[in-house]
Amino acid sequence: MSDQIRITLPDGSVREYPNGVTSLEIAMSISEGLARNVLAAKVNGTVQDATRPITTDSAVTLLTWNDTEGKATFWHSSAHLLAEALEELYPGIQFGIGPPIEKGFYYDVDLNGQHFSQEDFKKVEDKMLELARQKQEFVRQPISKAEAIAYFEKKGDPYKLDLLDRLDDGTITFYSQGNFTDLCRGPHIPHTGFIKAAKIMNVAGAYWRGDEKNKMLTRVYAVTFPKQKELDDYLFLLEEAKKRDHRKLGKELELFAFSEKVGAGLPLWLPKGTMLRERLENFLRKAQVRAGYQQVVTPHIGSKQLYVTSGHWEKYGEDSFKPILTPEPGEEFLLKPMNCPHHCEIYKTKPRSYRDLPLRLAEFGTVYRYEQSGELHGLTRVRGFTQDDAHIFCRPDQVKEEFIKVIDLVLYVFKSLGFEDYSAQISLRDPANKQKYIGSDELWEKAESAIIEASAERGLRTVTELGEAAFYGPKLDFMVRDALGRKWQLGTIQVDYNLPNRFELEYTGSDNQKYRPVMIHRAPFGSMERFIAILIENSGGNFPLWLSPDQIAVLPISEKYEDYANEVFLTLQENDIRGYNDLRDEKIGRKIRDSEINKVPFMLILGEKEQAEGRVSVRKKGVGDLGSMTIAEFIGFFQNEIKPAAQPAVL
RNA sequence: GCCGUUGUAGCUCAGGGGUAGAGCACUUCCUUGGUAAGGAAGAGGUCAGGGGUUCAAAUCCCCUCAACGGCUCCA
């Protein structure tokens, strides 16, 4: 073992240090300021404590608050601090897991019946900061499995024992700070003094190990920062994000509503929301015509037998809306939970030739699913919703090409609506849980490789998730985030070899033999409801001009100009410009304010001058006065403003 | 479905064992005003629904429903 080791820093420079040097000491040798900010270090690709000795030539990256891994370490250590504070305040509680998350961390605790709620947050925050000020060091201690078990048996923590059960002897470490010791792989920040601001965000129930058969623990969510100001900024941003919540804006802008009387999860689309929704549908219809789709319509209910055939009844029948009975004994119908079985039956209305394929059937199909009551969430999770659904029936040799075309369509839709922040997820079946799915291994492998190859061919950056497939086939899902960072699936493309089997779909090949087509299920928006929810949150209700429910507001200065206002408004309507004519007995300042609040893109202000000259005074929302124009000029100006999105580039 | 929180006027919210409150919105009247709130008056609530405790319940307790934050689920 040599006395000196060579440390390679991220800039490529190599320095020599005594064997056993710590990352913190390396930082110190560079600058004291850096050393004060080092939270952890990445040594040869592995994040570890900055205080651990390094004993071989290594590549070292010092991690601070500015690094994702630095933050994660900071929050992981904060979880231990939270646990320490909770244990001091609520002796005898037991601990589950306490990991960092995207924004902060949580700790799952079993309070054993003790009460913990919002009023107690401050107390815990203060305790955390009090302990943090003691600059308690995080001490790493490798320990044998037997000793570890003995420790938690003595302490009486069944959850830690459950965790230990799955760990191998020789890999187990404890971390201690102050009076708190936890089973933990680490790494941690050097000491608690880095934590200068703490905020408990909320508490929620969470099943132990995420299994609903297990006991529900109390999950305490919190976030910490190295500076108070960063916490203040974060809380401010959070408040700003809440203003974009589609449930709030949907009410304020009169887009949609819910009624207890109608039922939970059953949205009522108000006139303005319907306007928006129809614009989106027309936009997609046009794109689909260009892409060779044909529109179909199918009923809202179907014979139960249809879903027995498809497999949906067996898979979801238990927790769906119950079958609809008729005067005829034994006759049962289901509220349509999916459009695909109907479309399969459309396929079967006549013999199909290989020349007919691909056959692309599209429908804005409204479906009903009995979502769990606790899952309902604004427009993003509802019980009655409309899918921009389509099913492509194609030959096996056409699957990849068709799949790629659909990827292009989805990307085109996202791009047209300014959705840039999405992730593409390849959702495969869980190989350890095959009984959840229908169909043979062979067909699944074919379908999965089709998706993987098509995504690769389009250069899509994807993440792969096992166990996220549909029961009949794998999917490529396009995920986006809402205002508060929650992930939702919008667009989806699915390859399916199974339903064609179940419905015994066939086509005649060039050799006059019968073959089985492949189905691609796809929905670029996913559902109109969820897509519009995200659109509202992304835009904050400031929709692109072509989607705005009200594009203009005509605002006469006083009653005297009512006739002129009517004339202008009519001319605009004749030119397909929609909006309203504000003839209320209010001052102009008031009318402007109300239009601004309603997020109307353009206001046309009319008074004596405008009437005399046959002009309109144009005001742009959020910007102000644009000066006066003739009506014809405004129409030209408007059409130019709307152009980029109204006439999207041909696919 | 599970854990927790919440439910008062159309909206945002205050109140809280003893006759239900504010601002905005709404209606009427006055005002005819030039780029983000003109003035006055009026109307509007079985305090989510049901049950219980009490001389008395919007207020305390229980149940149901709904919403919110998570968990689980998501064709």
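Under an unreviewed UniProt entry, the name given to chain A is Threonine--tRNA ligase, and the source organism is Larkinella rosea. Note on chain A: under the UniProt heading Subunit (unreviewed entry), the record states "Homodimer."

Draft legend 1. Looking closely at the packing of aromatic side chains. A complete count under the given rule lists 35 aromatic pairs for this structure. Judged by centre distance (5.5 Å) and plane angle (85°), the rings of Trp 65 and Trp 75 are edge-to-face. One end of the pair, Trp 65, is in the loop between strand E7 (58-63) and helix H3 (68-89); the other, Trp 75, is in helix H3, and 10 residues separate them in sequence. Exposure class is identical for Trp 65 and Trp 75. Each is buried. Measuring from ring centre to ring centre gives 6.3 Å for Phe 602 and Phe 638, while their planes differ by 65°; the resulting arrangement is edge-to-face. Remark: Phe 638 occurs in helix H20 (residues 631-646) and Phe 602 occurs in strand E34 (residues 602-606); sequence separation between them is 36 residues.

Draft legend 2. Molecular detail of the protein's contact with RNA strand B. Of all residues adjacent to RNA strand B, which total 56 residues, the nearest are Met 338, Glu 375, Asp 585, Arg 590 and Ser 617. Each atom of RNA strand B within 4 Å of the protein belongs either to a base or to sugar and phosphate, the latter forming 49%. Interatomic distance of 3.0 Å between a side-chain N/O atom of Gln 372 and a base nitrogen of RNA strand B. Sorting the residues of the surface near RNA strand B by element identifies strand E14 (197-207), strand E15 (216-225), helix H8 (246-252), helix H11 (312-316), helix H18 (588-597), helix H19 (608-613) and strand E35 (615-620) as the ones contributing at least two each.

Draft legend 3. The arrangement of the sheet that holds strand E36 (residues 624-630) in detail. The strand order across the open sheet built from 5 strands is E33-E32-E34-E35-E36, with neighbouring strands paired in mixed fashion. Edge positions in the open sheet fall to strand E33 (579-581) and E36, since each of these has one partner strand only. Between one strand axis and the next, the sheet turns through 25° on average, direction left out of account. Of the pairings in the sheet, the one linking strand E32 (residues 552-556) to E34 comprises 5 bridges and is parallel in character. Bridging across to E34, Ile 552 finds its partner in Phe 602. Along the sheet face, helix H17 (residues 562-574) touches E32, E33, E34 and E35 and points at about 165° away from the line of E32.

Draft legend 4. Summary view of the environment of Met 519. The residue Met 519 is located in strand E31 (residues 518-523) in this model. Judged by relative accessible area, Met 519 falls into the buried class, the value being 0%. Linking Met 519 and Leu 359, residues 160 residues apart in sequence, is a C-alpha distance of 9.6 Å.

Draft legend 5. Region of interest: the side chain of Asn 581. Within the secondary structure, Asn 581 sits in strand E33. Residue contacts for Asn 581: discarding those within four places in its chain leaves Val 554, Pro 556, Ala 565, Asn 566 and Phe 569.

Draft legend 6. Representation of the pattern of salt bridges within the structure. What the rule picks out here adds up to 45 salt bridges. Linked by salt bridges that have partners in common, Arg 277, Glu 281, Arg 285 and Glu 529 make up one network.

Draft legend 7. Representation of the UniProt feature "domain: Aminoacyl-transfer RNA synthetases class-II family profile" (unreviewed entry) in chain A within the structure. Per the UniProt record, the feature "domain: Aminoacyl-transfer RNA synthetases class-II family profile" (unreviewed entry) sits at residues 245-556. The span residues 245-556 is 32% helical and 26% strand by assignment, and the distance between its end C-alpha atoms comes to 33 Å.

Draft legend 8. Fine view of the sheet that holds strand E24 (residues 384-394). If you trace the 8 strands from one edge of the open sheet to the other, you get E18-E23-E24-E31-E28-E27-E25-E26, paired in mixed fashion. Each of the sheet's edge strands pairs with one partner strand only, and the pair in question is strand E18 (294-295) and strand E26 (462-466). Inspection of the sheet shows E24 paired to E31 by 5 bridges, in the antiparallel sense. Counted as the bridge partner of Phe 393 is Met 519 from E31. Contacting strand E23 (359-368), E24, strand E25 (422-428), strand E27 (475-481), strand E28 (487-496) and E31, helix H13 (residues 399-416) runs over the sheet at an angle of about 160° to E28. Each of E25, E26, E27 and E28 touches helix H14 (residues 441-457); the most contacted strand, E25, lies at about 155° to it.

Draft legend 9. The arrangement of unusual backbone geometry in detail. Cis geometry is found at the peptide bond from Gly 186 to Pro 187, where omega equals 0°. Inspection of the secondary structure assignment puts Pro 187 in the loop between strand E13 (180-183) and E14. With omega at 0°, the peptide bond leading from Leu 357 into Pro 358 counts as cis. One non-glycine residue, Asp 576, adopts positive backbone phi at about 60°. With respect to the secondary-structure elements, Asp 576 resides in the loop between H17 and E33.

Draft legend 10. Region of the structure containing the domain arrangement of chain A. The domains assigned to chain A are domain 1 (4-64), domain 2 (69-241), domain 3 (256-539) and domain 4 (552-646). The straight-line distance from the C-alpha centre of domain 1 to that of domain 3 is 51 Å.

Draft legend 11. Local environment of H14. With 17 residues, H14 should cover 24 Å at 1.5 Å per step; its first-to-last C-alpha distance of 24 Å lies within 8% of that length. Every buried residue belonging to H14 is among Leu 443, Trp 444, Ala 447, Glu 448, Ala 450, Ile 451, Ala 454 and Ser 455, and all of these are buried. Axial view of H14: buried residues confined to an arc of 150°, hence all on one face. For H14, the exposed residues set more than 90 degrees away from the buried face come down to Glu 442, Glu 445 and Ala 456. Those residues of H14 that are buried lie in contact with H13, E25, E26, E27, E28 and helix H15 (498-502). Backbone geometry just downstream of H14 places Gly 459 in the positive-phi region, at approximately 65°.

Draft legend 12. Local environment of helix H1 (residues 23-30). All buried positions along H1 are accounted for by Ser 23, Ile 26 and Ala 27. The buried residues of H1 all sit within an arc of 100° when viewed along its axis, so they share a single face.

Parameters and conventions
- Throughout this description, residue numbers start from 1 for each chain and increase along the sequence as written.
- Following the order in which they are written, the chains are lettered starting with A and the ligands numbered starting with 1.
- In keeping with the model being predicted, local features are shown solely for residues with a pLDDT of at least 70 and side-chain atom pairs are shown and tallied solely at 80 or more, while totals for entire chains, interfaces and linings include all residues.
- No hydrogens and no water enter the side-chain calculation; it runs on all heavy atoms of the structure.
- UniProt positions are given in the numbering used here, feature names are shortened, and annotations may be inferred rather than shown by experiment.
- Classification of ring pairs rests on two measures: the distance between centres of Phe, Tyr or Trp rings, Trp counted by its six-membered ring, which must be within 6.5 Å, and the angle between planes, read as stacked under 30 degrees, edge-to-face over 60 and tilted in between.
- Segments assigned H or I by DSSP are reported as helices when at least four residues long, segments assigned E as strands when at least two residues long, and all are numbered from the N terminus.
- Residue exposure (1.4 Å probe, protein chains only): buried if accessible area is under 20% of the type maximum, exposed if over 50%, otherwise partly exposed.
- Nearness is defined per residue: one heavy atom within 4 Å of the molecule or strand is enough.
- Residues adjacent in sequence count toward polar contacts only when both atoms are side-chain atoms; beyond that, a polar contact is any pair of N or O atoms within 3.5 Å, and within protein one must be able to donate a hydrogen and the other to accept it.
- Should DSSP find at least two bridges between two strands, the strands are taken to pair.
- Convention adopted: a line fitted to C-alpha atoms gives each axis, helices being fitted over their contacting stretch, and angles between N-to-C directions are expressed from 0 to 180 degrees.
- We call two residues in contact when some of their heavy atoms are within 4.5 Å.
- We count a salt bridge whenever a side-chain nitrogen from Lys or Arg sits within 4 Å of a carboxyl oxygen from Asp or Glu.
- Each domain span listed reflects an automatic or database assignment of domains.
- Expected span of a helix: the number of residues minus one, times 1.5 Å.
- In this context, the arc is that of the directions from the helix axis out to the C-beta atoms.

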